[in-house]
Amino acid sequence: MGVAATAAPVTRADVWRVARRPRMVGLLAVFLAAATVCGLLGAWQLDRARQRGQAAVAQRQAQLVAADPVPLDSVLAPQTAFPGDLVGRKVSVTGTYEPGQLLVTGRSHGGVTGELVLTPLRVGSGADAAVLPVVRGWLPSGAAPDEPPAGAVSLVGYLQAGESAGTGIASGATDAISPAELLHVWTGPIWTGYLVLASSDPAPSAGPALLGPPTPTQTSPNLQNLLYAGEWFVFGGFAVFLWWRAVLDEAHGRIRDRGRPERGDRASGPEADPRA
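### Digging into helix 1 (residues 12-19)
Among all positions in helix 1, only Asp14, Val15, Val18 and Ala19 are buried. Down the axis of helix 1, the sector holding all buried residues measures 130 degrees, keeping them to one side. Exposed and oriented more than 90 degrees from the buried face of helix 1 are Arg12 and Trp16.

As structure tokens, then:
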């Protein structure tokens, strides 16, 4: 019984020889064109993901501005953890401004670096009194802040979570709105977040520029478009893989054909049966 011939392994030279054939070069051009189209569609979906993410943020900002305020004590109590879903929530609160106003340095508004005016608001009285940090607005660097209104004031604004501790508070300035640091200079219990002022009654005659609702520092792209983009990139890579697979298959096929014996050779040789 004869032994079946084993095909020789495919070498780089074999693959390169097949890849240079006109048919394979033409097939490569087709697959590269398909991969390019897939790449362009993936890039378009990435851009759409960014645009839709920004549109979602703008829509949320509009909803925050249009929302009716709710009492502060109905959503957040002093010295309790600040839930992330309260960021930008419009609330109302009544209290009295106290001494101890600070400037928060290094804050940008409209592309200009300046300072925030941070003022303590005493809410409640007696044992239940607590301090709410209030960002009354923004000033350009070097501008002198005004004095807050005297007496009881009714405020409406947007909640924001307190920041991590900075380098400390000195000379009436700080680089972070950190409740932990503010507690050392303002007496009494304190809220773990702060209020970004939107309106005040009575309104100050003049003062820093009011800010809008808190905005995220990074906009999350739309997840659906990100998935679509990933699919297009995978399709583009698969098109190139198909061409490479076709080259290898043809190279293997040529090696097999090269090692297959001719018909006349099957009965020849010293092992051929003389009775055949």
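### Regarding the environment of alanine 29
The topology assignment puts alanine 29 in helix 2 (residues 22-66). For the pair formed by alanine 29 and valine 240, sequence separation is 211 residues and the distance between their alpha carbons is 9.9 Å.

### Things to note about the packing of aromatic side chains
Tallied over the entire structure, the rule returns 3 aromatic pairs. Ring plane angle 40 degrees and centroid distance 6.4 Å describe the contact between tryptophan 243 and tryptophan 244, whose orientation is recorded as tilted. Over the ring of tyrosine 97 we find arginine 136; its NZ or CZ atom is 5.9 Å from the centre of that ring.

### A short note on the pairing of strand 2 (residues 90-97)
Judged from the 2 bridges that link them, strand 1 (residues 70-71) and strand 2 form a sheet pairing that is parallel. Paired with proline 71 across the bridge in strand 2 is serine 92. Here strand 2 pairs with strand 6 (residues 152-161) via 7 bridges, running antiparallel. Each bridged residue has a counterpart across the sheet, and for valine 91 the counterpart in strand 6 is glycine 157.

Rules behind the numbers
- Residues numbered from 1 in each chain as written.
- Predicted model: local features only at pLDDT ≥ 70, side-chain atom pairs only at ≥ 80, totals over all residues.
- Heavy atoms only, no water.
- Buried < 20%, exposed > 50% of the residue type's maximum accessible area, 1.4 Å probe, protein only.
- Helix = DSSP H or I, 4+ residues; strand = E, 2+ residues; numbered from the N terminus.
- Arc of directions from axis to C-beta.
- Phe/Tyr/Trp six-rings, centres within 6.5 Å; stacked < 30°, edge-to-face > 60°.
- Lys NZ or Arg CZ within 6 Å of the ring centre and 35° of its normal.
- Pairing = 2+ DSSP bridges.

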